[in-house]
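# Structure assessment
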Amino acid sequence: MNAGTECQPPPLGISSRLSLRREGGIAHFPGLAQPRLVCCDRLGEAQRERLWQLLAEAARCAAAPMATDAVDRRRFHLAIEDAEGRCQWSVELDEQQMPGALLRLWRDHKPLSRG
Amino acid sequence: MTDIQHVSRPFVPPYLLERIASGGSQRLRECARHTLLADRQFRAREGAAHLPQGSSARGQVVRYIYSAGQRQELPGRLVRREGDEAESGDAAIDEAYHGLGATYRYFWEKHQRHSIDDRGMALQATVHFGRDYENAFWDGTQMVFGDGDGELFNRFTIALDIIAHELTHGVIQHEADLVYAHQAGALNESLSDVFGSLVKQYRLGQRVEEADWLIGAGLFTERVAGRALRSMADPGSAYDDPLLGRDPQPGHMRDFVETEDDNGGVHINSGIPNRAFHRLAMALGGHAWDVAGPLWYATLLDERLGRESDFTAFAELTLDNAGQRYGQGSREWTATRDAWRDVGVAVR
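Residues numbered from 1 in each chain as written. Chains lettered and ligands numbered in written order. Predicted model: local features only at pLDDT ≥ 70, side-chain atom pairs only at ≥ 80, totals over all residues. Heavy atoms only, no water.

### Examining the sheet that holds strand β1 (residues 63-67) of chain B
Residue and element names in this part refer to chain B. Threshold: The pairing criterion is simple: DSSP has to find at least two bridges between the two strands. Here a helix means four or more residues in a row that DSSP labels H or I, a strand means two or more in a row labelled E, and each is numbered from the N terminus. Where helices are involved, their axes are fitted lines through C-alpha atoms of the stretch in contact, as for all axes, and angles between N-to-C directions lie from 0 to 180°. We call two residues in contact whenever any of their non-hydrogen atoms come within 4.5 Å of each other.
The sheet built from five strands is open, its strands ordered β2-β1-β3-β5-β4 with mixed pairing. Two strands in the sheet have a free side with no partner beyond their single neighbour: β2 (77-81) and β4 (136-138). Neighbour-to-neighbour, the strand axes of the sheet open up by a mean angle of 20 degrees, direction not taken into account. The pairing of β1 with β2 spans four bridges and is classified as antiparallel. Directly across from Tyr64, in β2, lies its bridge partner Arg81. Strand contacts of helix α3 (residues 91-111): β1, β2, β3 (123-127) and β5 (143-145), with the helix running at about 155 degrees to β1, the strand carrying the most contacts. Across the sheet, helix α4 (residues 160-174) lies against β3, β4 and β5, angled at about 20 degrees from β4, the strand it touches most.

Have a look at this one:
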C-alpha cells in the first residue's frame, strides 16, 4: 500500500527468479496469463545487473497512480522469487508504464510450468 | 508465491481503499488515505483532459477518430471527424467511425440516450494504438483500439460488438459506475457484452434466433482454435487453443470461479449474467432490444443499483423492473425470473 513511494528490488543472486505475469485486457486468456519465468542462473553478472536496473526502473514507474476509471486495460505483475520460490519483492504496473525492455522480455519468454 | 516481504505498489481497488481508510489500523488508514488522495488527483487530471466539443442536438452524434500511428500516445492525430463522409480507405479508421455511429444510434433510438453521458459527449476513439497491440480498452475518457499482432488477433475494430462493448463501459461509468472487481466488475463486463451484442443485432436487424451471441467474432486469426472471445449462449465454449488456453467462463453459479486474477474474475464470471440475458431473450423471442434490452438498461440506470452490487442484487432489480413494466406474474416477469434461476442466481 505504498503508493507514491519507491521500493527498490533486492539484489539478484544466481538462484533468483523473475516472474512476469500479464493480466487484464478485453478477455482473460488462461494461456497468456501464465507467468513467464526468467532464471538468473542462466544470466551472467552483467546481465543480472542490467535486469536489476530494469526492475528498479519498473518500481519507479509503478509509483505513479494507475488510471482507475480505465477498464479492459492490461497490467503487469513482476516478482522476484528466491531459490525456495518465496516472493522477495513484487510490483504491479499498467502496461503503458512497463519499461520496453521488460515488455520484450515478457514477449520472448513463453509460459513455463513452475518447477 | 508466498511470504511477500516487500510490495512496491499493488493494485488495490478504490472501494477497498475507502474501506481501509475508514477502518483498520492507524498505519493502514494513513496509507489508504494517501493512496486515495493521489488517486483522486490523478483522476481529476484525467477528467480534465481536453475532449473535443460534443453534440448539443439530441439525436445527433459527434465522432472524432484519431490515429496513434503505432505509438502508445493518446489521442494521437485527428484523422476523421463528424461530417467527413468520404471513407478514408483505412479499415480501422472507417470501422471505428461507423462502429461509434452504430452504437450511438442504438442507444439513441432504443433508449433515447444522447451519447455516453446522455449530454452529447463527443465520441472519441484512437486506432492504430501501439505496435502489434492486441487489445482494446476504455481509458475513462475515450476508446482505444490496437491493430492486433496478425498472428493471433486481427485489428480490434473488426468487430462491431467490441466497439460497442468499450463505449458501453463509458455509459456504465456515467451511470451505476460499478466497481471493476469481483461480481460488480463481472456485471460491468456483462453489461458491456450485452449492449455490445444488442448493437450488433440491431445493426443487422436480427431476431434472437438469428444472432450468434458471440462477443468478438472475427477477432481471432485463422491460426486460433476459437470462434470469438466469449459466447453468451454457451459460456466456456468460445475457444480452446494451445496458446490461449481454454475459455474459462462458467454459465452457472455452481461453477463460479473464485480467483484474484483478472480483477477477481471480471471477464470470467461475466459468463453467468451473460447467459441469463441470453436465456431471457430466447424465451421471449423476437428482437432482444424490444424487452430484454430495455429491462437491462432500466436496471443499469436504477438508483438502487449500488457500485458494489452482486449478481443477486442486479437480478432482483431486473425482476422488479419487469414487474413495474409488465406486471408481476406477466410473461416477461416470469421469463426474467426463470432466466436467473436457470443460471443459479437465487431470486424470489
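So that's the structure; there's more coming.
### As for the sheet that holds strand β3 (residues 74-81) of chain A
Residue and element names in this part refer to chain A. If you walk across this open sheet you meet the four strands as β2-β1-β3-β4, and the pairing is antiparallel. The open sheet terminates on both sides in strands that have one partner only, identified here as β2 (36-39) and β4 (87-94). Between one strand axis and the next, the sheet turns by 15 degrees as a mean value, whatever way the strands run. Examined bridge by bridge, strand β1 (residues 17-24) and β3 share eight bridges and lie antiparallel to one another. Across the sheet, the residue bridging to Ser19 is Ala79, located in β3. In this fold helix α2 (residues 45-62) packs onto β1, β2, β3 and β4, with an angle of close to 55 degrees to the strand it touches most, β4.

### Thoughts on empty space enclosed by the protein
All names here are of chain A. Just so we agree on the cut-off: Only protein atoms enter the 1 Å grid used here. Points where a 1.4 Å probe fits but cannot escape make up a cavity, open sets with protein on both sides within 12 Å along at least five of seven lines make up a pocket, and a residue lines them when an atom lies within 4 Å of a point. Grid points are joined across faces, edges and corners, and a volume is the space filled by probe spheres set on the points. Amino acids outside the nonpolar list (Ala, Val, Leu, Ile, Met, Phe, Trp, Tyr, Cys, Pro) and the charged list (Asp, Glu, Lys, Arg) are all regarded as polar, and Gly is one of them.
Counted by the stated rule, this structure contains four cavities of 30 Å³ or more. Taken as a whole, the second largest cavity encloses approximately 150 Å³ of empty space. Contributing to the lining of the second largest cavity are 16 residues, with Arg22, Gly24, Ala27, Phe29 and Arg74 lying nearest its centre. Looking at the lining of the second largest cavity, the elements that each hand over two or more residues are β1 and α1 (30-33). Top contributing element to the lining of the second largest cavity by residue count: β1, with three residues. Taken together, the residues of the lining of the second largest cavity break down into eight nonpolar, four polar and four charged.

### Focus on helix α3 (residues 100-108) of chain A
Structural remark: α-helix, 3.6 residues per turn; residues separated by three or four positions point the same way. Residue and element names in this part refer to chain A. The condition is simple: Each residue is placed in one exposure class: buried if its accessible area under a 1.4 Å probe, protein chains only, is under 20% of its type's maximum, exposed if it is over 50%, and partly exposed if it falls in between. The arc in question is formed by the directions pointing from the helix axis toward the C-beta atoms.
Residues of α3 that are buried include every one of Leu102, Leu103 and Trp106, and no others. Around the axis of α3, the buried residues are gathered within 105 degrees of arc, so they sit on the same side. Across from the buried face of α3, at angles greater than 90 degrees, the exposed residues are Arg104 and Asp108. The inward-facing, buried residues of α3 contact β1, α1, β2, α2 and β3.

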